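Structure at a glance
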Amino acid sequence: MKKKIIHVPNNVNYISDWVGFENEIPQGQVIINKKYPGCGLTYWALHNNIPTVLCVPRKYLAENKVEQMEKKHESCFYFRPSSKTDREKQKEENEKTFMNLRNYITWQNPFSPCHTVPKVIVTYDSLPTIYPILKDSGIGFLYVVDEHQACFQDYTLKPDVIERVSSLLYKLCNVWYISATPILEEYLDRMEFLQNLPYIELEWSEDKIMKVQTQYLPMTSTVDEIGKIISRYRNDGFFDTIIENGICYESTEAIFFVNNVRDIAKVITENKLQASEVNILVANDSKNKKIIKGLGNGFGFGKIPLRGKPHCTYTFCSKCSYFGVDFYSTSASTYVFADSNVKSMCTDLSLDLVQIVGRQRLAENRFRKRCTIYVKTTIGTTTSREQFYADQEMKWQQSEAICNEWNKLSQGALAATEVKRDICPYGVIYENPLTRERIAKNCVNALIAEQHAWEMRDRIYVRHESVQSVIVRNGFKMADNPDLPPMLLSFIDEFYRLEDDNTRMMYFTQFFDTYPDLLAYSNGIHNISSKYYNYYYVYGSDGLRAFNYDMAALEQYYERYKELYLLTPEITKSFVIGERYSKKYIKDTLTEIYRRCHINKTAKAIDLQEYFNIEEVKISTGLNNRTNGFLIKAK
């Protein structure tokens, strides 16, 4: 990854204030980390003089942006595919929409006499549908992929959709992938369509970045905790209070981020909330329709109020609704509920939490700098790293074989094939948006997304201390940290501010040399790579200094260390001195040993000469059949 930091001028509060901002960004495809929500980059994309296609992950976000533009009587085209169930009516309605898009682009074409700049808003899944029209227009659009981390997070939900749109984006000339919470670098470098792209990070002055104070509370039940909050509000008349300059301000609205629609419905029912009090922002699908319909008359899918519009007392949001949208409440408190035992509710603290607290846009909302997060840690047996990666390798081979067989099918048969995750865990069947050919693919992005989900549930959410450390690392101030030493929290926060691996290793060494009692306490519970611990234990402080904390050199010698202390016992017990083995048997056995010991090396039969004296021999494999092998001798 080619990373570049661009310092935002001190007089710039929003990107739209920055004259010539587009000249700072290289041509082509680029990832832009805008660092914090609300800096106005999406607004800039929709209001500049560049023909732009804004690609968004959710309909809520698209509708939110369109309504804001319509309120200002500004021109844009939002592509909404037909929702008709009848195929003929659906086709007819879509054709009308396509014609309207062509007309919009024609009238907005910069080559026409009376033009304005075309702005098209479309969800990820619909971009391939309208791309032929955009291409045929002859306009050189800039494609802005908003909240691009959704491409990563949504692989577990709809891999075919993400694969289809990403394969198209990969082919386009000018694409900006923007987010305040981009995919973590350790995963970004492995995502197929984002590999090796220039990475721009906007550096804002400290006074421009909002510091959020987070209250962290363990919980046993989401429904029970929300019930307690509602009960307190009914008794007190407010959710929270802040005193500034001798004046007491009260919070009279609450936004609950709960990624489980059944829990939302249960809260509404058990607390006898009225439809007029509640705004439900969740995915508008058949499953959720049934749940909300069960609430009774008056309840339905909500809308995000525009600036100045009235807000409900209780707003419930799922992940499908809050990506990138703007809330304009004047007094809303924010509550986040994360339960790692419910797959859909295992909040990704590195991505979701920053998104959530960045939704409140009004500076007059004094409670936007506060957030309460309720966490239920993982209960029961978790999977070890070794077992998890071994399982992934097995599933990968299984999916690879099935995808190869699928690709031998006719296009019609492939279109009718259903992907079953228990049979083909990483397989995806999607339509190439350029050739219209159906393809079965073993998707490495799905495998990476699964690794990240495992890391969250089985490594971070196993203890409250490790959850808190991730919250602090993402720039939040903890209101109360009774269980985690402040010194250790400060270390973790500073550790992840360092850009260079070698500098991190030096800082790690110096810190734990000074505070050795914290080493055992921290090992294994914080989101710090195990390599730092491994090198610290193996080399010691003097050894690390001798290597000048050079991580590349440390890794090289550490691999040698693993060969000596891990491989040698495994190999010497697998081959008996005086016995003859075929070269194929030796290679297959070494391959399995290397895998178990996590040695990144291709096995060869000749590798045995590192551990034994070997002699070339012929080995009988049956009547008149002989094969090449080695006789094992003591070294």
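Above this note sits the structure.
Per chain, residue numbering runs from 1 following the sequence as it is written. With the structure being a predicted model, the display of local features is reserved for residues of pLDDT at least 70 and the display and counting of side-chain atom pairs for 80 or more, all residues being used for whole-chain, interface and lining totals. Side-chain metrics rest on all non-hydrogen atoms present in the structure, leaving aside hydrogens and water.

**Quick word on the overall build of the protein**
- Across its full length, the protein carries 22 helices and 22 strands.
- Residue exposure (1.4 Å probe, protein chains only): buried if accessible area is under 20% of the type maximum, exposed if over 50%, otherwise partly exposed. Within the protein, the proportion of its 635 residues that are buried is 51%.
- Here a residue-residue contact requires only that any non-hydrogen atoms of the pair lie within 4.5 Å. Restricting to contacts in the protein with at least 6 residues of sequence separation, those with at least 24 account for 71%.
- Computed with a 1.4 Å probe, the accessible areas rest on the Shrake-Rupley method; for each residue, only the protein chains presented here act as cover. When the accessible area of the protein is evaluated, it comes to approximately 31,000 Å², of which 48% is carbon and sulfur surface. Runs of E in the DSSP output that reach at least two residues are strands. Runs of H or I that reach at least four are helices, and both are numbered from the N terminus.

**Here we look at the sheet that holds strand 8 (residues 198–203)**
- Only when DSSP finds a minimum of two bridges between them are two strands counted as paired. Spatial ordering of the open sheet is given by 1-8-2-7-6-3-5-4, a layout of eight strands whose pairing is parallel. Only two strands of the sheet have a single partner each, and these edge strands are strand 1 (2–7) and strand 4 (77–78).
- By the bridge criterion, two bridges tie strand 4 to strand 5 (residues 119–123) in an arrangement that is parallel. Along strand 5, the bridge assignment pairs tyrosine 78 with isoleucine 121.
- Of the strands in this sheet, strand 3 (52–56), strand 4, strand 5 and strand 6 (142–146) touch helix 2 (residues 59–71), which is tilted by about 155° from strand 5. Angles run from 0 to 180 degrees between N-to-C directions of axes, and those axes are lines fitted to C-alpha atoms, restricted for helices to the stretch in contact.

**Overview of the environment of glutamate 203**
- Among the structural elements, glutamate 203 can be located in strand 8.
- Considered as a pair, glutamate 203 and isoleucine 5 are 198 residues apart in the sequence and their alpha carbons are 6.5 Å apart.

**Quick notes on the pattern of salt bridges**
- Each salt bridge in this description consists of a side-chain nitrogen of Lys or Arg and a carboxyl oxygen of Asp or Glu lying within 4 Å of one another. For the structure on display, the rule yields 16 salt bridges.
- Ionic pairing is found between lysine 583 and glutamate 616, a salt bridge with its closest N-O pair at 3.2 Å. Of the two residues, lysine 583 is situated in helix 22 (residues 583–596) and glutamate 616 in strand 21 (residues 613–622); the sequence distance between them amounts to 33 residues.
- Looking at glutamate 616, the relative accessible area reads 51%, which means it is exposed.
- Each of Arg164, Glu431 and Arg436 takes part in one network of salt bridges that share partners.

**Description of the packing of helix 20 (residues 530–546) against helix 21 (residues 551–574)**
- Contact pair helix 20 / helix 21: the axes reach a minimum separation of 11 Å and the direction vectors enclose 100°. Considering the angle they form, helix 20 stands roughly perpendicular to helix 21. For the pair helix 20 and helix 21, contact is made by Lys531, Tyr532, Asn534, Tyr535, Val538, Tyr539 and Leu544 and by Met551, Leu554, Glu555, Tyr557, Tyr558 and Tyr561, respectively. Every angle not falling under 35 degrees, over 145, or within 65 to 115 is termed oblique; those three ranges are roughly parallel, roughly antiparallel and roughly perpendicular.

**Concerning the pairing of strand 13 (residues 278–281)**
- Judged by which residues are buried, strand 13 turns out to be covered on both faces: Val278 and Ile280 on one side and Asn279 and Leu281 on the other are all buried.
- Viewed with both strands pointing away, a crossover whose connecting path from the first strand over the helix to the second turns clockwise is right-handed. In terms of handedness, the path from strand 13 via helix 10 (residues 286–293) over to strand 14 (residues 314–317) forms a crossover that is left-handed.

**A few points about a positive patch on the surface**
- Taken together, the side chains of Lys71, Lys72, Arg307 and Lys309 present a region of like positive charge at the surface.
- Among the secondary structure elements, lysine 72 is positioned in the loop between helix 2 and strand 4.
- Given the relative accessible area of 48%, lysine 72 is considered partly exposed. The residues that make up patches have over 30% relative accessible area and no salt bridge, and they are joined within 9 Å when like-charged or within 5 Å when they are Val, Leu, Ile, Met, Phe, Trp or Tyr. The charge count includes Lys and Arg as positive and Asp and Glu as negative, but it does not include His or the ends of the chains. Lysine's charge is taken at NZ, arginine's at CZ, aspartate's at CG and glutamate's at CD.

**Re the side chain of serine 166**
- Of note, serine 166 is situated in helix 6 (residues 159–169).
- In protein, a polar contact means a hydrogen-donor-capable atom and an acceptor-capable atom, both N or O and within 3.5 Å, with residues adjacent in sequence counting only if both atoms are side-chain atoms; elsewhere, any N or O pair within 3.5 Å suffices. Looking at serine 166, its side chain comes within polar contact range of the main-chain oxygen of isoleucine 162, at 2.8 Å.
- Here the side chain of serine 166 touches glutamate 163 through a polar contact of 3.2 Å, landing on its backbone oxygen.

**Some words on the sheet that holds strand 14**
- Ordered by their spatial adjacency, seven strands build an open sheet running 13-14-12-15-16-9-19, and the pairing between neighbours is parallel. Edge positions in the open sheet fall to strand 13 and strand 19 (477–478), since each of these has one partner strand only.
- Across four bridges, strand 12 (residues 253–257) lies against strand 14 in parallel orientation. Along strand 14, the bridge assignment pairs isoleucine 255 with threonine 315.

**Details of a nonpolar patch on the surface**
- A cluster of nonpolar side chains, contributed by Tyr537, Val538, Tyr561, Leu564, Tyr565 and Leu566, occupies part of the molecular surface with about 570 Å² of accessible area.
- Contributions of two or more residues to the nonpolar patch are made by helix 20 and helix 21.
- Topologically, tyrosine 561 is positioned in helix 21.
- A relative accessible area of 30% means that tyrosine 561 is categorised as partly exposed.

**Let's talk about helix 6**
- Helix 6 sits mainly inside the fold: nine of its eleven residues count as buried.
- Listed as buried for helix 6 are Pro159, Ile162, Glu163, Arg164, Val165, Ser166, Ser167, Leu168 and Leu169.

**Thoughts on the packing of helix 4 (residues 127–136) against helix 6**
- Remark: helix 4 packs on helix 6, axes separated minimally by 10 Å, with the N-to-C direction vectors making an angle of 30°. The pairing of helix 4 with helix 6 is recorded here as roughly parallel in orientation. Within the contact between the two elements, helix 4 uses Leu127, Pro128, Thr129 and Tyr131 and helix 6 uses Arg164, Val165, Leu168 and Leu169.
- Classes in brief: Ala, Val, Leu, Ile, Met, Phe, Trp, Tyr, Cys and Pro nonpolar; Asp, Glu, Lys and Arg charged; the others, Gly included, polar. For the contact of helix 4 with helix 6, the per-class residue count stands at six nonpolar, one polar and one charged.

**Regarding the packing of aromatic side chains**
- Two rings belonging to Phe, Tyr or Trp (six-membered ring only in the last case) form a pair when the distance between their centres is within 6.5 Å. Interplanar angles under 30 degrees mark stacking, angles over 60 mark edge-to-face geometry, and anything in between is tilted. By the definition in use, this model includes 38 aromatic pairs.
- A ring pair is formed by phenylalanine 21 and tryptophan 44, whose centres lie 5.2 Å apart and whose planes are at 85°; its orientation type is edge-to-face. A residue pair is termed long-range when its members are at least 10 positions apart, and phenylalanine 21 in the loop between strand 1 and strand 2 (29–33) and tryptophan 44 in helix 1 (residues 41–47) qualify at 23 residues. The pair phenylalanine 21 / tryptophan 44 is uniform in exposure class, with both members buried.

**A closer look at unusual backbone geometry**
- Even without being glycine, asparagine 548 reaches a positive phi, approximately 55°.
- One non-glycine residue, tyrosine 549, adopts positive backbone phi at about 60°.
- Mapped onto the fold, tyrosine 549 is located in the loop between helix 20 and helix 21.
- Under the relative-accessibility criterion, tyrosine 549 is labelled buried at 7%.

**Describing the environment of lysine 84**
- Within the secondary structure, lysine 84 sits in the loop between strand 4 and helix 3 (87–108).
- For lysine 84, a relative accessible area of 39% puts it in the partly exposed group.
- Note: C-alpha distance between lysine 84 and asparagine 94 (ten residues apart in sequence) is 9.7 Å.
- Every residue in contact with lysine 84, bar those within four places of it in the chain, is listed here: Lys89, Gln90 and Glu93.

**A word on the pairing of strand 5**
- Taking burial as the measure, the five residues of strand 5 include five buried ones, the bulk of the element.
- Where burial is concerned, the two faces of strand 5 agree: the one with Lys119, Ile121 and Thr123 and the one with Val120 and Val122 are both buried.
- In terms of strand pairing, strand 3 meets strand 5 through five bridges, oriented parallel. In the sheet register, valine 56 faces strand 5, and the bridge partner there is threonine 123.

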